[in-house]
Amino acid sequence: MRLLKILGVIVAAIVLAKIFVFPDYRHRFRLTIEFDTPDGVKSASAVHEVVRKDVRWILIAHGQYEYRFHGEAIFLDLGRGKHVVALLAHGRPGDGRNGVHSGSMTFLGVQAYATRRLLPWEYWVPEVPFAGVRDLPTDRVPTLVTFPNVLDPSTVRVIDPFDGKTIEETYGMGYAFRRATIEAVPAGVWPFDILGIYGEPITKGLESRLSVMLTTLRDPARRRRTVHHNDPFRMDAGYLVTP
């Protein structure tokens, strides 16, 4: 019994040492979408968070990391019954969906603030001056969509933000994409940020606003369908909210 207690203390000490020597690092940023409308400029934003977790178990081993992204899409009410949604993806077809490749939302912050081409091991905030407000590069603007029927995800229509003709055909005269910006916001101070005591709150609310659509998208029968590379753009719950 005494030996078990000693082993328990040793294991607990190793776990605590790992937590304090290799804590999770996180950063948060606010994405904002702006549109020109006949009634003036309309904007909406959402705060997202990225966490880097050190998953090594031997304290002297080379770092091994897991990255987790938390956030939701941006729903911008354009007025007059029109809207646009900035998905958790970038590129016109949504080819940068979170988790698919290194150009995902997970690394959007460091890519937007980087002043040079980054190497894979530099894809983290300490390597980049992460501060202030910046316009997103055109290839990092979130995928924009609209839904003629917000209860039916199959009615999704992708909007090219840089194609004025498409925007006019979708919304009418007087509408235009203005810009997308990213702004670094406080993530809190470790370990208090883990408890959510400090830092800019992560945006929540889309789950209730689009509850019917998300229920449809999470239908197991729908998820079983195989998606091929050349298929037309198709909505997925992961484009709207993260688990």
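Please refer to the structure placed before this passage.
The residue count restarts for each chain, going from 1 along the sequence in the order it is written. Totals for whole chains, interfaces and linings use every residue, but because this is a predicted model, local features are given only for residues with pLDDT of at least 70 and side-chain atom pairs only at 80 or more, for both listing and counting. For the side-chain quantities, the full set of heavy atoms in the structure was used; hydrogens and water were omitted.

Student: Would you take a moment to explain the pattern of salt bridges for this structure?
Tutor: One side chain can pair with another of opposite charge once the charged atoms of both are near each other. Each reported salt bridge corresponds to a side-chain nitrogen of Lys or Arg within 4 Å of a carboxyl oxygen of Asp or Glu. By the definition in use, this model includes 13 salt bridges. The closest approach of N and O atoms between Arg179 and Glu34, which form a salt bridge, is 3.3 Å. In this pair, Arg179 sits in strand E9 (residues 176–185) while Glu34 sits in strand E1 (residues 25–37), placing the two residues 145 residues apart along the sequence. Given a relative accessible area of 13%, Glu34 falls into the buried group. Counting from the N terminus, the helices are DSSP H or I runs at least four residues long and the strands are E runs at least two residues long. Buried residues are those whose accessible area, probed at 1.4 Å on protein chains only, stays under 20% of the maximum for their type, while exposed residues exceed 50% and partly exposed ones sit between those limits.

Student: In this structure, what is going on with helix H3 (residues 164–171)? I would like to understand it.
Tutor: Think of an α-helix as 3.6 residues a turn; residues three or four steps apart then line up on the same face. Listed as buried for H3 are Thr166, Ile167, Thr170 and Tyr171. In an axial view of H3, the angular spread of the buried residues amounts to 105°, which keeps them on one side of the axis. Of the residues in H3, the exposed ones pointing more than 90 degrees away from the buried face are Lys165 and Glu169. Considering only its buried residues, H3 is in contact with E1, strand E4 (74–79), strand E5 (82–90), strand E7 (142–146), strand E8 (157–159) and E9. In protein, a polar contact means a hydrogen-donor-capable atom and an acceptor-capable atom, both N or O and within 3.5 Å, with residues adjacent in sequence counting only if both atoms are side-chain atoms; elsewhere, any N or O pair within 3.5 Å suffices. Its side-chain oxygen placed 3.1 Å from the backbone nitrogen of Lys165, Asp163 serves as the N-cap of H3. Two residues or fewer after H3 comes Gly172, characterised by a positive phi angle close to 105°. The arc in question is the one traced by the directions running from the helix axis out to the C-beta atoms. The criterion used for residue contact is that any of the two residues' heavy atoms lie within 4.5 Å.

Student: Would you explain the sheet that holds strand E2 (residues 40–54) in this entry?
Tutor: Backbone-to-backbone hydrogen bonds join strands into a sheet, with any given pair of strands oriented parallel or antiparallel. Paired strands, in this sense, are two strands between which DSSP finds at least two bridges. The strand order E3-E2-E1-E9-E6 describes an open sheet built from five strands, whose pairing is antiparallel. The open sheet is flanked by strand E3 (65–70) and strand E6 (133–135), the only strands paired with a single partner. The mean angle between the axes of side-by-side strands here comes to 25°, regardless of whether they run parallel or antiparallel. Judged from the three bridges that link them, E6 and E9 form a sheet pairing that is antiparallel. Paired with Val133 across the bridge in E9 is Glu183. Between N-to-C directions, angles span 0 to 180 degrees; the directions come from axes that are lines fitted to C-alpha atoms, helices contributing only their stretch in contact.

Student: Teacher, can you tell me more about the packing of aromatic side chains here?
Tutor: Here the aromatic set is Phe, Tyr and Trp, taking the six-membered ring for Trp, and pairing holds for ring centres within 6.5 Å; pairs whose planes are under 30 degrees apart are stacked, those over 60 apart are edge-to-face, and all others are tilted. Across all of its chains, the model carries five aromatic pairs by this definition. Where Phe35 meets Tyr171, the ring centres are 6.3 Å apart and the plane angle is 80°; that geometry is what we call edge-to-face. Of this pair, Phe35 sits in strand E1 while Tyr171 sits in helix H3; the two residues are 136 residues apart in sequence, bridging distant segments of the chain. Per residue, the accessibility class of Phe35 equals that of Tyr171, and both read buried. When the ring of Phe35 is compared with that of Phe177, the centres are 5.8 Å apart and the planes differ by 75°; the resulting orientation is edge-to-face. With a gap of 142 residues between them, Phe35 in strand E1 and Phe177 in strand E9 connect regions that are remote in the sequence. The buried category is assigned to Phe35, whose relative accessible area is 0%. Ring-pair connections join several aromatic residues into one group, and the members of that group are Phe35, Phe162, Tyr171, Tyr175 and Phe177.

Student: Before we go on, may I ask you to explain the sheet that holds E4 in this structure?
Tutor: Spatial ordering of the open sheet is given by E4-E5-E7-E8, a layout of four strands whose pairing is antiparallel. The sheet is open, and its two edges are formed by E4 and E8, each paired on a single side. Adjacent strand axes in the sheet meet at a mean angle of 35°, parallel and antiparallel pairs treated alike. Two strands pair when backbone bridges link them, and E4 and E5 are joined in this way by five bridges, in the antiparallel orientation. Directly across from Gly79, in E5, lies its bridge partner Lys82. Contacts from H3 reach E4, E5, E7 and E8, with the element oriented near 135° to E8.

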